[in-house]
Amino acid sequence: MADPRPATRVGLPLARGPAGRGVIATEAIDAGTVVVAYGGQVVDATTFAAMSSYQHTYSLQIAERLFMVIRDEPELGDYINHSCDPNLGLMGATMLVAM
């Protein structure tokens, strides 16, 4: 995959639908554009296991025994959902890019 290009203007409003909140693109996003770069506190598996279910919900496993966990409130990227027909992919462990 080519080097990611930063998003210049990507319409990603948080919307509420029948299954809860999620993100919907309001315009086409060029392939390779970084849509989300996740951030948070990195913890090991032992620390992660002792954290709350809320923190587990808003976490991302970034290596075999490392997790990135939400610091405070969820960010926009925390509302990007699974898709059976995906148009985003992971670059590294913490970036979602348009495909």
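Above this note sits the structure.
Residues numbered from 1 in each chain as written. Predicted model: local features only at pLDDT ≥ 70, side-chain atom pairs only at ≥ 80, totals over all residues. Heavy atoms only, no water.

1. Quick look at the packing of aromatic side chains
Inference 1: Under the criterion given, the structure shown has two aromatic pairs.
Inference 2: On the basis of an interplanar angle of 0 degrees and a centroid distance of 4.0 Å, the ring pair of Phe48 and Phe67 is categorised as stacked. In this pair, Phe48 is assigned in helix 1 (residues 45-49) and Phe67 in strand 7 (residues 66-69), connecting sequence segments 19 residues apart. Both residues of the pair, Phe48 and Phe67, belong to the buried class. (Phe/Tyr/Trp six-rings, centres within 6.5 Å; stacked < 30°, edge-to-face > 60°. Helix = DSSP H or I, 4+ residues; strand = E, 2+ residues; numbered from the N terminus. Buried < 20%, exposed > 50% of the residue type's maximum accessible area, 1.4 Å probe, protein only.)

2. Quick look at the nonpolar core
Inference 1: With 10 residues, the main nonpolar core is built from Val23, Val43, Ala45, Phe48, Met51, Tyr58, Phe67, Val69, Ile70 and Tyr79.
Inference 2: Once residues lying within four places of it in the same chain are set aside, the contact partners of Val43 are Phe48, Met51, Arg65, Leu66, Phe67 and Val69.
Inference 3: With six residues, the next largest nonpolar core counts Val35, Val36, Met68 and Ala98 among its residues. (Core = buried A, V, L, I, M, F, W, Y, C linked by side-chain atoms within 4.5 Å. Contact = heavy atoms within 4.5 Å.)

3. Observations regarding the sheet that holds strand 7
Inference 1: Overall, antiparallel pairing links the three strands, which are arranged 5-7-6 in an open sheet. Each edge of the open sheet carries a strand with a single partner, namely strand 5 (41-44) and strand 6 (59-63). Averaged over all neighbouring strand pairs, the angle between strand axes comes to 30 degrees, with direction disregarded.
Inference 2: By the bridge criterion, four bridges tie strand 6 to strand 7 in an arrangement that is antiparallel. What sits directly across from Ser59, in strand 7, is Val69. (Pairing = 2+ DSSP bridges. Axes fitted to C-alpha atoms, helices over the stretch in contact; angles between N-to-C directions.)

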